[in-house]
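Coordinates in review
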Amino acid sequence: MRQSEIVAALRQVLPREGVLWRDEDLRPYECDGLTAFRQKPMIVALPRTEEEARQVLVICRRLEVPVVARGAGTGLSGGATPHESGVLLSLARLNRILEIDPVARVARLQPGVRNLQVSEAAAAHGLYYAPDPSSQIACSIGGNVAENSGGVHCLKYGLTVHNVLGVRGFTIDGDLIELGGPGPDHPGLDLLALVIGSEGLLLVVTEVTVKLIPRPQLARVVMASFSDVRQAGDAVAAIIAAGIIPAGLEMMDRKATAAVEPFVKAGYDLAAEAILLAEADGTPEEVAEQIAEIESVLQKAGATAMVVSSSEAERLRFWSGRKNAFPAAGRVSPDYYCMDGTIPRKNLGPMLQAIQGMEERYALRCMNVFHAGDGNLHPLILFDANRPGEWDRADRFGAEILELCVRLGGTITGEHGVGIEKINSMCVQFSDSERAAFFAVKAAFDPPGLLNPGKAIPTLARCAEYGKMHVHAGVLPHADLPRF
Ligand SMILES: Cc1cc2nc3c(=O)[nH]c(=O)nc-3n(C[C@H](O)[C@H](O)[C@H](O)COP(=O)(O)OP(=O)(O)OC[C@H]3O[C@@H](n4cnc5c(N)ncnc54)[C@H](O)[C@@H]3O)c2cc1C
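Residues numbered from 1 in each chain as written. Predicted model: local features only at pLDDT ≥ 70, side-chain atom pairs only at ≥ 80, totals over all residues. Heavy atoms only, no water.

Along its length, the protein chain carries 18 helices and 19 strands. Relative to the 2.2 N^0.38 estimate, which gives 23 Å for 484 residues, the radius of gyration of the protein chain is 22 Å and therefore close to what a compact globule would have. Considering only C-alpha atoms, the protein chain reaches an extent of 65 × 55 × 45 Å along its principal axes. The buried share of the protein chain, taken over its 484 residues, is 54%. For the protein chain, contacts bridging at least 24 residues in sequence account for 72% of all contacts bridging at least 6. When the accessible surface of the protein chain is summed, it comes to about 19,900 Å², and 53% of that surface belongs to carbon and sulfur atoms. The average position of the 47 basic charges and that of the 58 acidic charges among the side chains of the protein chain differ by 4 Å. (Helix = DSSP H or I, 4+ residues; strand = E, 2+ residues; numbered from the N terminus. Rg over C-alpha atoms; globule rule 2.2 N^0.38 Å. Buried < 20%, exposed > 50% of the residue type's maximum accessible area, 1.4 Å probe, protein only. Contact = heavy atoms within 4.5 Å. Areas by Shrake-Rupley, 256 points an atom, 1.4 Å probe, with all protein chains shown as cover. Lys, Arg positive; Asp, Glu negative; His and termini not counted. Charge placed at Lys NZ, Arg CZ, Asp CG, Glu CD.)

Following this line, the structure appears as structure tokens:
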């Protein structure tokens, strides 16, 4: 009865095909990229315009129905996992590029526009949108904003939060919120960074204004081989310590290159225990100078071999191996669990060694792929969900990695968000009062708590159950580090 009542209400504002409620229509929406968690929504709403999206929110507020926004569903932390008695609000049909202004170097986008589509459209003006998640062929700008997504080139050009100038969206009450904009300054509180990365908990984003930057004249990438993963980790720290900010600085261990190479034929050194990819971009003179500096640091750091891309095709081939690392994991294992944590770069070496120990303890293999320059780890834990106990072991393996990230002075997510996947690990990272502050922000935007409930912020009871209240007597680990 509840379903019929909500379907009838939604049909007053959406066309028939914009409201899905039959089992076979709901199935495709039961999970995002975190396929281990599945839940069918009660209803899927597919608005075509901003006004229709607003009306869906107003109806859900009136009928007290939870709402989960969904972009392309590529998220890896279960942020878009539906609520069993809620509406899944797909923004996929709001997929128009509203404006590209090559003079102001900005683009105005609906949330369903794919990340890569922005750079493709801006290319005619010699411009592009810098944040480039490996999922950029599919993921949406709305999802990027909600997750504060990163990518290979974010080390030099910044994450989503550094490249989004304005966001327009609606609260659960259907009230318009406009933050930032194309101009250099704006009246009112600067809440843009609060909303970017808020995982669909505060508002539904219906328009995004992004910064476009000129395409560099040239880019070249150094591929360096190392006979020891720890040494490769230390080499990353050495590059940054030398004052070099490469356009991209990524690392893959031997298990990752072995999985990727037959698939992509990137030309990786399969004998190396780890490879580093370090890119320089700019004018030909700047690139030549930086490549020489990078080579010199890597040589001193113990690189056993180095190859510099000699053409644009070769550069793209080197990167395509890295960008296809996650799908390649699916070729060597029935299932994989992609973790996402961040640590200070100087700790990359010790972290890799610790993960090797965990592989033995949990009797599971782990491929390592990193946005190394950012200290952002993506260990891919390989398991077979059909073998009893393997998912549980993978889950505990992942949680231990995240706890170690916190102990090493890092965070439990670099770019994939908390969602439902890391909600317990939030109890390790944040104290009671910090989590209370998060709830207060949530309540200010969404008093009835209907937007993406149960995600990202754990309740006190949940943390107590998890038994991971590491902040005792007010003594916070690494209290010197800035916190949200
Ligand atoms: C192979 C692969 C590689 C990946 N590589 C990267 C990477 O390099 N870097 C990276 O950062 N991520 C990466 N990801 C993760 C994922 O692609 C990003 O998190 C992406 O931003 C999600 O976008 P989406 O449109 O798919 O969002 P969804 O998965 O649909 O949703 C993600 C979250 O955003 C919320 N949301 C979506 N749209 C809106 C909206 N309009 N308003 C409010 N909330 C909204 C949802 O409720 C959910 O909480 C990868 C994923 C895959 C599968």
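This brings us to the site of the ligand. By nearness alone, 34 residues border the ligand, and A69, T74, S135, S140 and S149 come closest of all. A distance of 2.9 Å is found between an oxygen atom of the ligand and a side-chain nitrogen or oxygen belonging to N144. Side-chain polar atom of S149 to an oxygen atom of the ligand: 2.7 Å apart, as the coordinates give it. Burial of the ligand by the protein chains amounts to 95% of its free accessible area of 980 Å². Secondary structure elements with two or more residues in the shell around the ligand: β3 (67-70), α5 (141-147) and β10 (204-211). Classifying every residue of the shell around the ligand gives 13 nonpolar, 17 polar and four charged. (Near = heavy atom within 4 Å. Polar contact = N/O pair within 3.5 Å; in protein donor to acceptor, adjacent residues only side chain to side chain. Nonpolar A, V, L, I, M, F, W, Y, C, P; charged D, E, K, R; others polar.)

What follows deals with the sheet that holds strand β8 (residues 164-170). Sheet strands pair by backbone hydrogen bonding; their relative direction is either parallel or antiparallel. The five strands are arranged β5-β6-β10-β8-β9 in an open sheet whose pairing can be described as antiparallel. Here the strands that pair on one side only, and so sit at the sheet edges, are β5 (97-101) and β9 (176-180). Along the sheet, successive strands turn relative to each other by an average axial angle of 10 degrees, direction set aside. Looking at chain direction, β5 and strand β6 (residues 106-109) are connected through four bridges and run antiparallel. Bridge pairing links I100 to A107 in β6. Contacting β5, β6 and β10, helix α4 (residues 115-122) runs over the sheet at an angle of about 40 degrees to β5. (Pairing = 2+ DSSP bridges. Axes fitted to C-alpha atoms, helices over the stretch in contact; angles between N-to-C directions.)

Position of F170 relative to the elements: it lies in strand β8. Sequence-wise, F170 and R54 are 116 residues apart; in three dimensions their C-alpha atoms are separated by 6.5 Å. Here F170 is in contact with E50, R54, L57, D175, L176, L203, V204 and T206, once residues within four sequence places are set aside.

Turning our attention to the pairing of β9. Sheet faces and side chains relate simply in a regular strand, where the side chains alternate between the two faces. The pairing of β8 with β9 spans five bridges and is antiparallel. Each bridged residue has a counterpart across the sheet, and for F170 the counterpart in β9 is L176.

Let us now look at unusual backbone geometry. Its identity as a non-glycine residue notwithstanding, E199 has a phi of 55 degrees, on the positive side. Its location among the elements puts E199 in the loop between α8 (192-195) and β10. Positive phi is not limited to glycine here, since A456 has a value of about 65 degrees. Relative to the helices and strands, A456 resides in the loop between α17 (432-445) and α18 (460-466).

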